[in-house]
Amino acid sequence: MEIKVIGGGICAAKGFKANGIHCGIRKNKLKKDLSLIYSEAPATTAAVYTTNLVKGAPIAVTKENIKNGISRAAICNSGNANTCNADGVEVARKMCEVTANALGIDPTDVVVASTGVIGQKLDTTPIENSMNELVSGLGDKSADAADGIMTTDTVRKEIALSFEVGGVTCKIGGIAKGSGMIHPNMATMLVFITSDVKISSDMLSKALKNDIKNTFNMVSVDGDTSTNDMVTVMANGMAGNKEITDEGEDYEVFAKALNTVTVYLCKMIASDGEGASRMLECKVTKAKSDLTAKTVAKSVICSSLVKAAMFGADANWGRILCAAGYSGADIDVNLIDVKFKSIYGEVEVCKNGAGVDFSEEEAKKVLSEKEIEILVCLNDGDQEAVAWGCDLTYDYVKINGDYRT
């Protein structure tokens, strides 16, 4: 199976157009704050949502709109999250209505999302006044749409791939926002994925739900699970492949392409964590179960002490064992090996739960790179898992100390 990285983002797939503009929600006129994705044909749609009990109104409205598994468009604003507002559902529905009227589609065929400050009422007037501009400017503007959903993000997050299903060339693309309030489980960011694959609603939902267990549920920046966020996949079938209605080779190919997109976006989100200077990837191997591997990997990535050590390029491997030990996983700490790895090289720091001699100078060089791998071998089985995160820097506190004001 060959999967190729291509350009185009969410507009790479046939029949998808996008746009992103500044409508006036944000005070900074240089920052886009409203994005739209549109499919020329009805798209099979699946989504997963934050597990936070406090959920933004757009999630409730989106759930209701796509309960039939179909959508035509996705509208998202940034700068002001429509959450914890008495009129939240009304505002979310209004966004769907305004979008639908401009596109000539049904309001229930619109996915709606919102991100930004929680608890401030969202005035839809700027959105209504700018909708014609947003719609008339639809085109191959994945980058603009990606910019329009950003909050504290510092880099645009998008990718597109081509692959074959049953001999037919298909495409899939995604954009994401996520920098702070990133923590398992599902889904602490906004992600929009488009594809021209023809796939049934059941199979699309299955592919997405299976995928997030090993991707978006394995990302943590700061331990805070957001209130608004979701991952949405729209597949309009315009590639012309035979519809995927059950598991088999075609389904596996699509699932692999989807996973390639989601893993890329996970790494982008982890790399762009608020104030981050390093992206961390913890790979746990030889675990007795999948759950054990995931539990340990998450615990290491979420540890504030581990994150702080990585910021200082300090090979303080005892913090790795500490995080594994309090993770709750059933492990034998006397079997654990730990290594640090980067493009500079690799250094072993722990063998069978005990320290080994290593060069602090060499370890410092390994840990001074932008991307660090924390390799934890449990030596107790054949299962493995990967989790992504970032270091903890002074800038994280600065960013969140005055986020609202």
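Since the model is a prediction, treat every value here as computed from it, not as a measurement.

*Asks:* Explain the overall build of the protein here, please?
*Replies:* Each helix and strand counted, the protein has eleven helices and 15 strands in total. Taken over C-alpha atoms, the radius of gyration comes to 22 Å for the protein, in line with the 22 Å a tight globule of 405 residues would show. In the protein, which comprises 405 residues, the share counted as buried stands at 56%. In the protein, the share of contacts with a sequence separation of at least 24, taken over all contacts with a separation of at least 6, comes to 81%. Surface summary for the protein: the accessible area is close to 16400 Å², and the carbon and sulfur share equals 47%.

*Asks:* Help me understand the sheet that holds strand β15 (residues 383–390), please; the structure alone is not making it clear to me.
*Replies:* For sheets, the rule is that strands pair by backbone hydrogen bonds, running either parallel or antiparallel. The strand order β13-β12-β11-β14-β10-β15 describes an open sheet built from six strands, whose pairing is mixed. Each edge of the open sheet is held by one strand with a lone partner, namely β13 (354–355) and β15. As defined by bridge partners, strand β10 (residues 279–287) adjoins β15 across seven bridges and the pair is classed as antiparallel. Residue E281 lies in a different strand from β15, and its bridge partner there is W388. Its contacts with the sheet place helix α8 (residues 304–311) against β10, β11 (337–342), β14 (371–377) and β15, and it is angled at close to 135 degrees to β14. Helix α9 (residues 318–325) contacts β11, β12 (345–351) and β14 of the sheet and is inclined by roughly 125 degrees relative to β11.

*Asks:* I keep staring at α9 and nothing clicks. Help me out?
*Replies:* Residue pairs three or four apart in sequence face the same way in an α-helix, which turns once every 3.6 residues. The complete set of buried residues in α9 reads I320, L321, A323 and A324. Each buried residue of α9 lies within a common arc of 160 degrees when the element is viewed along its axis, so the set occupies one face. Here the buried face of α9 lies against α7 (290–302), α8, β11, β12 and β14.

*Asks:* Looking at this structure, I do not really get the pairing of β12. What am I missing?
*Replies:* Two faces belong to every sheet, and in a regular strand the side chains alternate between them. As paired elements, β11 and β12 share five bridges and run antiparallel to each other. Opposite K339, over in β12, you have E348 as the bridge partner. Counting the residues between successive antiparallel strands, the hairpin from β11 to β12 contains two residues. In terms of strand pairing, β12 meets β13 through two bridges, oriented antiparallel. Residue pairing in the sheet places C350 in a bridge with G355 of β13. Counted between consecutive antiparallel strands, the loop separating β12 from β13 contains two residues, among which N352 sits at a positive phi close to 55 degrees.

*Asks:* When you look at the pairing of strand β8 (residues 190–195) in this model, what are you seeing that I'm missing?
*Replies:* Burial of β8 is extensive: six of the six residues sit out of reach of the surface. Covered by surrounding structure in β8 are L190, F192 and T194 together with V191, I193 and S195, the residues of both alternating faces. In this structure, strand β7 (residues 168–177) lies alongside β8, joined through six bridges in antiparallel fashion. Paired with I172 across the strands is S195, a residue of β8. Here β8 pairs with strand β9 (residues 230–235) via six bridges, running parallel. Its bridge partner lying in β9, T194 is registered against M234.

*Asks:* Could you clarify how one ought to interpret unusual backbone geometry in this entry?
*Replies:* Excluding glycine, a negative phi dihedral is what most residues carry, and trans is how most peptide bonds are arranged. Unlike most non-glycine residues, K286 shows phi in positive territory, near 55 degrees. Secondary-structure assignment places K286 in strand β10. One non-glycine residue, N379, lies in the positive phi region at around 50 degrees.

*Asks:* Would you mind going over the nonpolar core with me for this structure?
*Replies:* Note that soluble globular proteins tend to have their nonpolar side chains buried in a common cluster. Residues F254 and F340 are the most contacted members of the largest nonpolar core, which totals 75 residues. With ten residues, helix α6 (residues 249–271) is the largest single contributor of residues to this core. In this view, F254 contacts F163, I172, S195, V197, I199, L204, A207 and I244; residues no more than four positions away in its chain are not counted. Core analysis: the next-biggest nonpolar cluster, separate from the first, contains 25 residues, A92, C96, I105 and M131 among them.

Here is what the cut-offs are and how they apply
- Residues numbered from 1 in each chain as written.
- Predicted model: local features only at pLDDT ≥ 70, side-chain atom pairs only at ≥ 80, totals over all residues.
- Heavy atoms only, no water.
- Helix = DSSP H or I, 4+ residues; strand = E, 2+ residues; numbered from the N terminus.
- Rg over C-alpha atoms; globule rule 2.2 N^0.38 Å.
- Buried < 20%, exposed > 50% of the residue type's maximum accessible area, 1.4 Å probe, protein only.
- Contact = heavy atoms within 4.5 Å.
- Areas by Shrake-Rupley, 256 points an atom, 1.4 Å probe, with all protein chains shown as cover.
- Pairing = 2+ DSSP bridges.
- Axes fitted to C-alpha atoms, helices over the stretch in contact; angles between N-to-C directions.
- Arc of directions from axis to C-beta.
- Core = buried A, V, L, I, M, F, W, Y, C linked by side-chain atoms within 4.5 Å.

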